[in-house]
Amino acid sequence: MADYGIEGAEGLALHHFYRAMAWLGEELGEKAQGALVARCVKDVIEEKLFARRQDLFTDLSLVFMDTTSLSFHGTDGETLGKRGHSKDFRPDLAQMILALVVDAEGRPICTEMVPGNTADVTVLLPVVDRLRTRFGVTRACVVADRGMISADTIAALEKLGMEYILGARERSSSVIHNVVLNDTAPMVPLVLERQRGETQLWVKEVKVGKDRYIVSRNDAEAEKDKADRQAIIAGLGAQLKKGDKALVGNSAYRRYLKASGKNFKIDVGKLAEEARYDGITVVRTNAKVTPLQAVLRYRDLLEVESLFRAAKATFNTRPIFHQSDAAIRGHVFCSFLALVLSKELRRLCRAKGLTPEWQPLLRDLDRLQEATIEKDGRIVTTRTHVTGQVGNVFKAAGIALPHNLDEQLA
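Residues numbered from 1 in each chain as written. Predicted model: local features only at pLDDT ≥ 70, side-chain atom pairs only at ≥ 80, totals over all residues. Heavy atoms only, no water.

Draft legend 1. Fine view of the packing of aromatic side chains. Counted according to the given criterion, the structure contains two aromatic pairs. On the numbers, 5.0 Å between centres and 70° between planes, the contact of Phe50 with Phe135 is edge-to-face. In this pair, Phe50 sits in helix α2 (residues 41-53) while Phe135 sits in helix α3 (residues 124-135), placing the two residues 85 residues apart along the sequence. The exposure class of Phe50 is buried, given its relative accessible area of 5%. On the basis of an interplanar angle of 15° and a centroid distance of 5.3 Å, the ring pair of Phe333 and Phe336 is categorised as stacked. On the criterion of helical spacing, the pair formed by Phe333 and Phe336 is a turn pair, its members being three residues apart in helix α11 (residues 325-351). Each member of the pair, Phe333 as well as Phe336, carries the same accessibility label: buried. (Phe/Tyr/Trp six-rings, centres within 6.5 Å; stacked < 30°, edge-to-face > 60°. Helix = DSSP H or I, 4+ residues; strand = E, 2+ residues; numbered from the N terminus. Buried < 20%, exposed > 50% of the residue type's maximum accessible area, 1.4 Å probe, protein only.)

Spelled out as C-alpha cells, the structure:
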C-alpha cells in the first residue's frame, strides 16, 4: 500500500490483508474419500479461472505435474508443517509439499498443498482424480517425474483410461537395468533446434512385454555427467591420500568407494557402471505418440521446475510465517495467482513480438511513479517517464498509460 496506488484501499489495514489471505485457504467441507486434502476456497477460484478461458477448442490433452517442498518458519500450521525430504535444503525446518499442474502451454491450472512428510508417489493419483472431477478432464496424457512412478500408480492410471509419460528410475529398476539398457537395437540420431544452438539426441523404443520404454541419450549432458564424475574422482583420490575416515560421510564420494580391508578404495566397477547412465533418460509411456514426441514432452516438464523457481525467488513465496493451515495455503496461492498473471502478460507480449526480461521489467515498472499536488484550488497529477520496455508492455496489455501531466479543479 505504501509503494503502489490502489484505488479504494485507503481504509484497509494490514490485518485485512492477512484475513483475506487466510480466507483463500479456508476449507469448504470435509475431506472427500481418497483426497489428500479438503476442498478450499482457492480450489473454487482455480476452477473459475480455468472455466473463464475454456471453450470448445480448449486443449487439455496434455498436463504436466511436479512437486517441490516449501519450508516454514514459526508454528507451521495445524497439519501442513511436517518433517520430510527437503528440496529447499532445510531439513532443520518443517515443510509442506506443493504440487503444481500446468497445461501444454505452460499455464498453471491448479495447486495441491499437502503435509511435508507426504511421499511424491502418493500425490499423483489424487491430483489426477481432482482434474477429472473439478475440470472435467476425462482424457489426458499426464507427464510426471520419476519420483511419482510406481506399479500401483501406473495400474490405476491405465484403469482410468489416462495416458501417461512418466520418468523411470534407471538405476533402481531391475527391468531397465537388466533389459531396457541392454537392448542391442540401434538408436536413431536426432538434432533439435534450440535457442542456444543445436541439441544432439539419440532415441530408441524398447518394449518389455506390453510395457513401452523410450530411451534417449543427450550428447551434451553425457559429456557433463562424465566431467562431473571425473571431478569427483579426482577429489576423491586426493582425499584418500590424506586418510579415508571422513570420506564415508560424503554421499558424492561414498557411492564410488568399496571396502579394502580396514580401509577404502575407489570402486572401478562402480565407475564403469555409472558410465552407462551418462546422458541417459528413460521414460515409460502408454501414449500413442512417437518416441521423439515422448522425449520432448518429458523434457517440457522443465517448464514446471522453472515456475517453481519463479514462485520461490521472483515472487518471494518464502519465507513463510503463519500459524494456520488456511493462512499458509492462502499465502502460497497468492504466488500461484502471480504465476497466472505473469504467464498471461508474457502471452500478450509474445503476440506483439516482445520478449521482455522479467526482472528488468519489474524494476522499470517500479520506476514508473505518480505524484499529486494540490495548489491554488487545482489538483495536478504528474508521472515519471517510462523506461525500458514499459511502454511497449502497456500497449501489449491494451492499457493506456496516464498522461504525463493532468490538471483539474479541486
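Draft legend 2. Up close: α3. An ideal rise of 1.5 Å per residue puts 16 Å on twelve residues; α3 measures up with 16 Å between its terminal C-alpha atoms. Taken together, the buried positions of α3 are Leu124, Pro126, Val127, Val128, Arg130, Leu131, Arg134 and Phe135. One or two steps after α3, the chain reaches Gly136, where phi turns positive at roughly 70°. (Expected span 1.5 Å × (residues − 1).)

Draft legend 3. Region of the structure containing the packing of α2 against α11. Relative to each other, α2 and α11 sit at 10°, their axes nearing to 11 Å. Regarding the angle of α2 to α11, the classification is roughly parallel. Here Lys42, Ile45, Glu46 and Leu49 of α2 lie close against α11, whose contacting residues are Phe333, Phe336 and Leu337. The class makeup of the residues in the contact of α2 with α11 is five nonpolar, no polar and two charged. (Axes fitted to C-alpha atoms, helices over the stretch in contact; angles between N-to-C directions. Parallel < 35°, antiparallel > 145°, perpendicular 65-115°, else oblique. Contact = heavy atoms within 4.5 Å. Nonpolar A, V, L, I, M, F, W, Y, C, P; charged D, E, K, R; others polar.)

Draft legend 4. Structural view of the environment of Ser61. Secondary-structure assignment places Ser61 in the loop between α2 and β1 (62-71). With 246 residues separating them in the primary sequence, Ser61 and Leu307 have C-alpha atoms 20 Å apart. Discounting residues that sit within four places of it in the chain, Ser61 has contacts with Arg139, Ala140 and Cys141.

Draft legend 5. Examining the layout of surface pockets more closely. If you add up the space inside the second largest pocket, you get close to 1200 Å³. Broken down by secondary-structure element, the contributors of at least two residues to the lining of the second largest pocket are α2, β3 (108-115), α11, α12 (358-367) and α13 (390-396). Among the elements that take part in the lining of the second largest pocket, α11 stands out by supplying 14 residues, more than any other. Of the residues that constitute the lining of the second largest pocket, the class distribution is 23 nonpolar, six polar and nine charged. (1 Å grid on protein atoms, 1.4 Å probe; cavity = no way out; pocket = protein on both sides within 12 Å on 5 of 7 lines; lining within 4 Å. Points joined across faces, edges and corners; volume = space filled by probe spheres on them.)

Draft legend 6. Spotlight on the pattern of salt bridges. Applying the stated rule across the entire model yields 29 salt bridges. Between Arg107 and Asp103 there is a salt bridge, and its shortest N-O distance comes to 3.0 Å. On the basis of relative accessibility, which here comes to 3%, the residue Asp103 falls in the buried class. Within this structure, Arg39, Lys42, Asp43, Glu46, Glu47, Glu112, Arg130 and Arg134 form a network of salt bridges that share partners. (Salt bridge = Lys/Arg side-chain N within 4 Å of Asp/Glu carboxyl O.)

Draft legend 7. Highlighting the side chain of Ser69. In this fold, Ser69 is placed in strand β1. A distance of 2.7 Å separates the side chain of Ser69 from the backbone nitrogen of Lys87, its partner in a polar contact. With residues near it in sequence (within four places) discarded, Ser69 still touches His85, Ser86, Lys87, Asp88, Gln95, Met96, Ile97 and Lys312. (Polar contact = N/O pair within 3.5 Å; in protein donor to acceptor, adjacent residues only side chain to side chain.)

Draft legend 8. Inspection of the sheet that holds strand β12 (residues 370-375) at higher detail. On the basis of which strands lie adjacent, the open sheet formed by three strands has the order β12-β13-β14 and antiparallel pairing. At either margin of the open sheet sits one strand with a lone partner, and together these are β12 and β14 (405-409). Across the sheet, the mean angle from the axis of one strand to that of its neighbour is 15°, orientation sign disregarded. Bridge analysis of strand β13 (residues 378-383) against β14 gives five bridges, and the strand direction is antiparallel. Looking across to β14, one finds that Thr381 is bridged to Asp406. (Pairing = 2+ DSSP bridges.)

Draft legend 9. Structural view of the packing of α2 against α3. Between α2 and α3, whose axes approach to 11 Å, the crossing angle comes to 65°. Considering only the axes of α2 and α3, their crossing is right-handed. When α2 is examined against α3, the residues Asp43, Glu46, Glu47 and Phe50 are found in contact with a partner set consisting of Arg130, Arg134 and Phe135. The residue inventory of the contact of α2 with α3, partitioned by class, reads two nonpolar, no polar and five charged. (Left-handed = near helix turned anticlockwise from the far one by under 90°.)

Draft legend 10. How the structure looks around unusual backbone geometry. For Asp376, which is not a glycine, the phi torsion comes out positive at approximately 55°. Note that Asp376 resides in the loop between β12 and β13. Under the relative-accessibility criterion, Asp376 is labelled exposed at 70%.

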